[in-house]
Amino acid sequence: MLGLVLLAIFALYVARRIYIVGRAYKLVGHIPGFFTLIEPSSPIGGTFPPSWWNLGLGFAWHQKAYLYKQFNSEVIRVIPILYGDANLYTCSADAMRQIKGTNSDWYKPAKAMQAIDVMGPNVVASEGEDWRRQRRIAAPAFNQRAYQLVWQETERTYRQMIKDEGWAIEKSVMVFDMSPHLRKIALFVISACGFGFPLNWSEPAITPEGKMSPREVITQVSINILLRHAIPPWLYHVSPSEKLKTIDTAYKTFDSLLHSMIDKRADEIRKLIGEGGGALEEKIQDIFGRLVLAQVQAGSKLSLNDQEIVGNAFIMMFAGHETTAHTLGATLAELALHEEEQEKIHKHIKKVIPEDREPIFEDYDNLEPVLAAFFEALRLFPAAYQTLRKAARDTTLPAGNMKRPGEMENIPVKEGSSIFLDLVGVCYNERNYPEPEKYMPSRWYSATDRFLAFSYGPRTCLGIKFANTEAVCFLTNLLREWKVEPLLQAGETKEQWKERVLSKPTLLVTMTLEDIPLKLVRRR
Ligand code: HEM
């Protein structure tokens, strides 16, 4: 009997998959590409490492040298047979601009927003009118004043790191892994500038009372987004796992911390308004404060409710933390490998900032080579490596004709097709960037083209200038004082170090580089 039931379930599954695959083939079968067993970006595809049966979430990274070339097309399709949905992938910058530009035929589907709304609705995970309202409220918080604060906090945190790590008195330092330090820097900056909540570098993870410290709460929340999304709430109650307990406690503590912060900030703002409101702009500089200010001032129409403020605070912390830390790590690794580029930057910093003063926010516009070094590392290791969109109607996509280089073609796409904008493909496409494998910061000098790694069009990254200010401040301070070298293992060459450190980034919600061993040698 059981055998019959299982056989019936199996037959039903096979029939369903034949229907799904047939429908997918009708939709995207005219585009070259391949069949797989499992959708690479599905929970199963993302959980298991790449193998013969699973392309893996990061296949576009691992196959970047030949993925599109093998099909002679800048748009390809992947149709899974056993599990998941069919998707297109593109490495065409023109297609990306068209998809993400204004009046686009494409929208952000619900699937693209999974996991990032675990703490509440937010600007990244919303669409349509809801997105427009949230963007209009959040955008003014990103202004010159905020960037000035970003500079101050980055510098303060950098100094704290040098002092508390004991590097201030050292001539050279072996940093066996730079990434936790960079995560801490980015977390501290977003915490101070995003929430008005400065953290302390040497604060232990657990307080003397046995509770998680604020730093640990924020860290646990931001590194466990995928797990929080995947784990059903009941599992926290029945599982003996310490890790699950930690995640649950961190998320609950963070949620109640943010709700109490909303009440506290709203009271402060009402008090300031009661006193005439003159000092509002001066006193409320952080992004969180600005969101609460909009709520207090605007009433219900153009404001966020409490859960939306929590959701947005959370997403700012997530969006602004891993991405920036990862790109700083990639920049330092590339500069360690390219001594001549590092020397050029060091010389430039010395020219702009005299020995007798510290770098200041007003130096930002004169530090283009520092920003270019950061951009070029972001191109080689794009943090937001793939974004998903769905066609609202039949349309076409502009792509380079790989059979006839120099010519363009328009690839027809049907309504309902989903496409991954493969930023790795775009950034390593020689039509967009000649000699794409080369670390060449000079390609960004006086660049007029909008950099696609921060997205494009109306939904372009809100934190571009935030991230750039943080990067320029941090890198300027560090490179002015230290020469950065790869920390080689016994007998290891620079090439082998590069292979060990840079060839296998972790690809989950964003791309991250894990172990970055560096040697810092004091210059001044
Ligand atoms: C190197 C650092 C960063 C990179 C590479 C980056 C990249 C991106 C990309 C590619 C998107 C578009 C995602 C999509 O289309 O689905 C995006 C959106 C966004 N980013 Fe960033 N980001 C960075 C830093 C930041 C920072 C520091 C913040 C905030 C403090 C931030 C806040 C946002 C927000 C709010 C959005 C959503 C915009 C919208 O949908 O209207 N990002 N970012």
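Residues numbered from 1 in each chain as written. Predicted model: local features only at pLDDT ≥ 70, side-chain atom pairs only at ≥ 80, totals over all residues. Heavy atoms only, no water.

*Asks:* Can you help me understand the packing of aromatic side chains in this one?
*Replies:* For any pair of aromatic rings, the description rests on two quantities: the centre-to-centre distance and the angle between the ring planes. Applying the stated criterion across every chain, the model contains 21 aromatic pairs. The ring of Y433 carries R379 above its face, with NZ or CZ at 5.3 Å from the centroid. Against the face of W482 rests R522, its NZ or CZ located 4.2 Å from the ring centre. (Phe/Tyr/Trp six-rings, centres within 6.5 Å; stacked < 30°, edge-to-face > 60°. Lys NZ or Arg CZ within 6 Å of the ring centre and 35° of its normal.)

*Asks:* Even after reading the chapter, I still don't get the site of the ligand, so can you show me in this structure?
*Replies:* Residues in contact with the ligand amount to 28 residues; listed here are only the nearest, W131, R135, R389, R459 and C461. W131 has a polar side-chain atom sitting 2.7 Å from an oxygen atom of the ligand. A distance of 2.8 Å separates an oxygen atom of the ligand from a polar side-chain atom of R389. Within the residue set of the shell around the ligand, elements represented by two or more residues are α5 (128–138), α14 (306–319), α15 (322–337), β6 (386–391) and α19 (464–481). When residues in the shell around the ligand are grouped by element, the largest group, three residues, is from α15. Looking at side-chain class alone, the shell around the ligand contains 15 nonpolar, eight polar and five charged residues. (Near = heavy atom within 4 Å. Polar contact = N/O pair within 3.5 Å; in protein donor to acceptor, adjacent residues only side chain to side chain. Helix = DSSP H or I, 4+ residues; strand = E, 2+ residues; numbered from the N terminus. Nonpolar A, V, L, I, M, F, W, Y, C, P; charged D, E, K, R; others polar.)

*Asks:* Sorry if this is basic, but what is going on with the coordination of the iron atom of the ligand here?
*Replies:* Angles between donor atoms at a metal ideally measure 109.5 degrees for a four-coordinate tetrahedral arrangement and either 90 or 180 degrees for a six-coordinate octahedral one. Only one protein atom coordinates the iron atom of the ligand: C461 (SG), located 2.3 Å from the metal. With respect to the helices, strands and loops of the structure, C461 is situated in the loop between α18 (423–427) and α19. (Donors = N, O, S within 2.8 Å, 3.2 Å for Na, K, Ca; no water.)

*Asks:* In this structure, what is going on with the environment of S104? I would like to understand it.
*Replies:* As for its position among the elements, S104 is in the loop between α4 (93–100) and β4 (106–107). Sequence-wise, S104 and A391 are 287 residues apart; in three dimensions their C-alpha atoms are separated by 9.0 Å. Of the polar contacts made by the side chain of S104, one reaches the backbone oxygen of I99; its length is 2.6 Å.

*Asks:* I keep staring at the sheet that holds strand β13 (residues 518–522) and nothing clicks. Help me out?
*Replies:* The pairing of strands in a sheet comes from backbone hydrogen bonds and takes either a parallel or an antiparallel form. Taken in spatial order, the three strands make up an open sheet running β5-β13-β10, and their pairing is antiparallel. For this open sheet the edge positions go to β5 (172–175) and β10 (482–486), each flanked by a neighbour on one side alone. Pairs of neighbouring strands in the sheet enclose a mean axial angle of 20 degrees, with direction left out of account. With four bridges connecting them, β5 and β13 associate as antiparallel partners. Pairing of V175 across the sheet is with L518, part of β13. In the packing of α19 onto the sheet, contacts are made with β10 and β13, and the angle to β10 comes to roughly 90 degrees. (Pairing = 2+ DSSP bridges. Axes fitted to C-alpha atoms, helices over the stretch in contact; angles between N-to-C directions. Contact = heavy atoms within 4.5 Å.)

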